[in-house]
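Residue-level structural notes
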Amino acid sequence: MARNLATTRTVVPTTVSFSNSVLFNGTSDYITVPDNNVYSYATNSALSISVWVNPATLSQPTDEGSGYVHFLSKLDSGQNEWTFRMYSTGNSEDRNNRMSFYMFALAGGLGDGAYVEDKVIPGERMHFVATVDASKNIKLYKNGALRDVFLASALTLANGTAPVRIGRGASSAGSSYFNGSINGVKMWGRVLSEAEVKD
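Quantities reported herein were computed from a predicted structural model and do not represent experimental measurements.

Inspection of the entire model under this criterion finds 7 aromatic pairs. An aromatic cluster of at least three residues, connected via ring pairs, comprises F71, W82, F84, F101 and F178. Looking at R98, its charged tip hangs above the ring of Y115, at a distance of 3.5 Å from the centre.

Written as structure tokens, this is what we have:
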């Protein structure tokens, strides 16, 4: 059962695991994990991130850009690295039900990523794992199955200073907040195997 998040909290990065299920209200709730080299692809030229997500709605109340919301990210102005995002119903890019993972150069702009466009059902938990290897192959798994691969060869990936935010995107005005529950956030400075993802 998810618990409500009453106020914004900061978590000390003594671990790369966030396992409690938290319900985010979509307008102001989020968790901040201070920057740490272990959360950056550039530290080991490898990264794996696991997250369980359960959207409460397909029309997120505070989306951004073309109509998407970040639900787990390491983004800030000039310090962009990676993000998981969900596109809201009615987005301007006709990407309804798209769940995706993107990598960025620090300056931001267009990122490279992998995505899944299965029908999303509010209240249904989904497990996503994104991995990025030394060749910049981005793999996205949903519920243990590999669903998409994209080579981000043109991006220069660097270690930035943005914190990890659970439940929102960057700290800038107009940033999106996620409405739903998130748990099981884990990060590794290596690439998980397909067998590890299924486990």
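The biggest cluster of nonpolar side chains holds 38 residues, and the ones touching the most others in it are F71, L72, F84 and F101. Among all residues touching F71, those that are not within four sequence positions of it are V51, V53, F84, R85, M86, M99, R165, I166, G167, R168, F178 and I182. In this structure, Y68, Y87, Y102 and F104 belong to the second largest nonpolar core, which totals 6 residues.

Within the secondary structure, V129 is located in strand β11 (residues 126-132). A relative accessible area of 2% places V129 in the buried class. Along the primary structure V129 and A173 are separated by 44 residues, whereas in three dimensions their C-alpha atoms are 28 Å apart. With sequence-adjacent residues up to four places away left out, V129 is seen in contact with I49, S50, K139, L140, Y141, L192 and V197.

Per the counting criterion, the structure on display carries 1 cavity of 30 Å³ or more. One number sums up the size of the largest cavity: a volume of about 30 Å³. Every residue lining the largest cavity is listed: Y41, E81, W82, M103, F104, L157 and A158. Partitioning the lining of the largest cavity into residue classes produces 6 nonpolar, no polar and 1 charged.

Size it by volume and the largest pocket reaches roughly 420 Å³. Around the largest pocket sit 24 residues that line it, and R85, F104, G109, L110 and G111 are the ones nearest its centre. At the level of elements, β7 (68-74), β8 (82-87) and β10 (112-116) are the ones that each hand at least two residues to the lining of the largest pocket. Tallying contributions element by element places β10 first for the lining of the largest pocket, with 3 residues. Looking at the lining of the largest pocket residue by residue, the classes come out as 10 nonpolar, 8 polar and 6 charged. Of the voids in this model, the second largest pocket is the one considered here, and its volume is about 180 Å³. What lines the second largest pocket is simply S50, W52, H127, V129, G184, K186, W188, L192, E196, V197 and D199. Where the lining of the second largest pocket is concerned, the elements lending two or more residues are β6 (47-55), β11, β15 (179-188) and α2 (194-198). Counting residues per element, the lining of the second largest pocket draws most heavily on β15, which supplies 3 residues.

Cut-offs applied
Residues numbered from 1 in each chain as written. Predicted model: local features only at pLDDT ≥ 70, side-chain atom pairs only at ≥ 80, totals over all residues. Heavy atoms only, no water. Phe/Tyr/Trp six-rings, centres within 6.5 Å; stacked < 30°, edge-to-face > 60°. Lys NZ or Arg CZ within 6 Å of the ring centre and 35° of its normal. Core = buried A, V, L, I, M, F, W, Y, C linked by side-chain atoms within 4.5 Å. Buried < 20%, exposed > 50% of the residue type's maximum accessible area, 1.4 Å probe, protein only. Contact = heavy atoms within 4.5 Å. Helix = DSSP H or I, 4+ residues; strand = E, 2+ residues; numbered from the N terminus. 1 Å grid on protein atoms, 1.4 Å probe; cavity = no way out; pocket = protein on both sides within 12 Å on 5 of 7 lines; lining within 4 Å. Points joined across faces, edges and corners; volume = space filled by probe spheres on them. Nonpolar A, V, L, I, M, F, W, Y, C, P; charged D, E, K, R; others polar.

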